[in-house]
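# Breakdown of the fold
Read off the chains here:
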Amino acid sequence: MSAFTIDLPNTVALPVVGTEAKFPVRRVYCIGRNYAAHAVEMGHDPDREPPFFFQKNPDNLDASGEFPYPPKTSDVHHEIEMAVMLKSGGDNIAIADALSHVYGYALSLDMTRRDLQGEQKKMGRPWEIGKAFERSAPVGVIHPVAEVGHLDQGRVELKVNGEVKQEGDLNQMIWKVPEMISYLSDYFTLAAGDVILSGTPAGVGPVSKGDEMDVSIAGLGSMKVPVV
Ligand code: MN
């Protein structure tokens, strides 16, 4: 007799540079408005108010290299972000200890059904239908800390069809990676397999089927993600 009543769901597992072994995903946290210029473009005060987070589902992360245009929207926006993968966790992690929990970093996109998110915001409702849809987070291969160290500065750039749409620098993040880990761990128990998307610089905008996004972060290389 099987130990489970139904077939086990797949474990989401992401590729890692330099090894056949994959990184298994447990949870996905995303920070909102973490670059001042993006907060301003979304109509908010860029002052350092407490950070806020929403979540995507583990299987929203997609390393296929393609972004399928999702249903029920006519305004899907690109948001280039750095993904932070944890190898361990805990509660109440001190800022000074936070980076010891990082396994590695990867390019990622927090694709957003902006029209649906806008309606949800207006009504004071949760953001899932705008943010946590199928394959909403294209992600690149993971670069382990052992290979690239910790990334706290470097150019962040997204092009659509060769034209630069978003640009910034990791050093412009309002809440730095150690602060995000520490803050989250005061509210949730963090653990190995957790992923944090660290926010997007200014310049978000729509994509259409047939477009090609080209995302790059200094130290993590680049990846092309066609909208199909
Ligand atoms: Mn985002």
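That block above? That's the structure.
This text gives an overview of the structure that appears in the document. Everything quoted here is computed from the prediction, not taken from an experiment. (Residues numbered from 1 in each chain as written. Predicted model: local features only at pLDDT ≥ 70, side-chain atom pairs only at ≥ 80, totals over all residues. Heavy atoms only, no water.)

### Overview of the side chain of His101
For clarity, the cut-off: Numbering of helices and strands starts at the N terminus; helices are DSSP runs of H or I of at least 4 residues and strands are runs of E of at least 2. Definition of a polar contact: a pair of N or O atoms within 3.5 Å, with one able to donate and the other able to accept a hydrogen when the atoms are protein atoms, and with sequence-neighbouring residues admitted only if both atoms are side-chain atoms. Two residues form a contact once any of their heavy atoms are found within 4.5 Å.
Mapped onto the fold, His101 is located in the loop between helix H2 (95–98) and strand E8 (102–109). Side-chain polar atoms of His101 contact the side chain of Ser88, separated by 2.7 Å. Other than its neighbours up to four places away in sequence, His101 contacts Met85, Leu86, Lys87, Ser88, Gly89 and Ile93.

### Quick look at the pattern of salt bridges
For clarity, the threshold we go by: Salt bridges are defined by distance alone: a side-chain nitrogen of Lys or Arg within 4 Å of a carboxyl oxygen of Asp or Glu. Three labels apply to residues, based on accessible area from a 1.4 Å probe with only protein chains included: buried if under 20% of the type maximum, exposed if over 50%, partly exposed otherwise in between.
One pass over the full model with this rule turns up 11 salt bridges. Among the salt bridges present, the one from Asp62 reaches Arg135, with a minimum N-O distance of 2.7 Å. In this pair, Asp62 is assigned in strand E5 (residues 61–62) and Arg135 in the loop between helix H4 (128–131) and strand E10 (137–138), connecting sequence segments 73 residues apart. When the shortest N-O distance is used, the salt bridge between Glu79 and Arg114 registers 2.8 Å. Highlighted residues: Glu79 in the loop between strand E6 (76–78) and strand E7 (80–86) and Arg114 in helix H3 (residues 114–122), separated in sequence by 35 residues. Comparing Glu79 with Arg114 shows no difference in burial state: the two are buried. Look at the salt bridges and you will find they share partners, linking Lys56, Glu79, Asp110, Arg114 and Lys131 into a network.

### Re the nonpolar core
The test is simple: The term nonpolar core refers to a set of buried residues drawn from Ala, Val, Leu, Ile, Met, Phe, Trp, Tyr and Cys, joined through side-chain atoms within 4.5 Å.
Grouped together as the largest cluster of nonpolar side chains are 39 residues, with contacts concentrated most on Met82, Ile181 and Met213. Of all the secondary structure elements, the ones that give two or more residues to this core are strand E3 (28–31), E7, E8, strand E12 (155–160), helix H6 (177–187), strand E16 (212–217) and strand E17 (221–226). Of all hydrophobic cores here, the second largest spans 18 residues; its members include Leu14, Val28, Ala83 and Ala106.

### Things to note about the sheet that holds E6
Selection criterion: If DSSP finds at least two bridges between two strands, the strands pair.
A sheet is described by the order of its strands in space; here 3 strands give the open sequence E9-E6-E15, paired in antiparallel fashion. Each edge of the open sheet is held by one strand with a lone partner, namely strand E9 (112–113) and strand E15 (205–206). Relative to E15, E6 runs antiparallel, the two sharing 2 bridges. Across the sheet, the residue bridging to His77 is Pro206, located in E15.

### Quick word on the coordination of the manganese ion
Note the following rule: The donor definition counts N, O and S atoms within 2.8 Å of each metal and applies 3.2 Å to Na, K and Ca; water is not among these atoms, so some sites may look incomplete.
Taken together, the protein ligands of the manganese ion are Glu79 (OE), Glu81 (OE) and Asp110 (OD), with distances of 2.0 to 2.1 Å. Here the donor residues of the manganese ion share one chain and are spaced in sequence as E-x1-E-x28-D. Of the two residues, Glu81 is situated in strand E7 and Asp110 in the loop between E8 and E9; the sequence distance between them amounts to 29 residues. Just as Glu81 is buried, Asp110 falls in that class too.

### Thoughts on unusual backbone geometry
Even without being a glycine, Asn92 presents a positive backbone phi close to 50°. Along the polypeptide, Asn92 turns up in the loop between E7 and H2. Of note in this structure, Asn161 is not a glycine but carries a positive phi near 50°. As for its position among the elements, Asn161 is in the loop between E12 and strand E13 (163–169). Relative accessible area serves as the criterion here: at 49%, Asn161 is assigned to the partly exposed category.

### Thoughts on the packing of aromatic side chains
To be explicit about the condition: Paired rings are identified among Phe, Tyr and Trp, the last through its six-membered ring, by centres lying within 6.5 Å, and are further divided according to the angle between planes into stacked (under 30 degrees), edge-to-face (over 60) and tilted (the rest). Only Lys NZ and Arg CZ are tested; either one counts as a charge over a ring when it is within 6 Å of the ring centre and within 35 degrees of the ring normal.
Under the definition given, this model contains 7 aromatic pairs. Taken together, the ring pairs connect Phe52, Phe54 and Trp127 into an aromatic cluster. One cation-aromatic arrangement involves Lys56 over Phe133; the distance from NZ or CZ to the ring centre is 5.9 Å.

### Looking at the pairing of E16
Where burial is concerned, most of E16 is hidden: 5 out of the 6 residues are buried. Strand direction decides the pairing type here: E12 and E16, joined by 5 bridges, are antiparallel. Each bridged residue has a counterpart across the sheet, and for Lys159 the counterpart in E16 is Asp214. Of the strand pairs in this sheet, E16 and E17 are connected by 6 bridges, and their pairing is antiparallel. Bridged to Met213 within E17 is Val225. Here E16 folds back onto E17, and the loop between the two strands holds 3 residues, one of which, Gly219, carries a positive phi near 100°.

Note that all results are geometric; they support no functional claim without further evidence.
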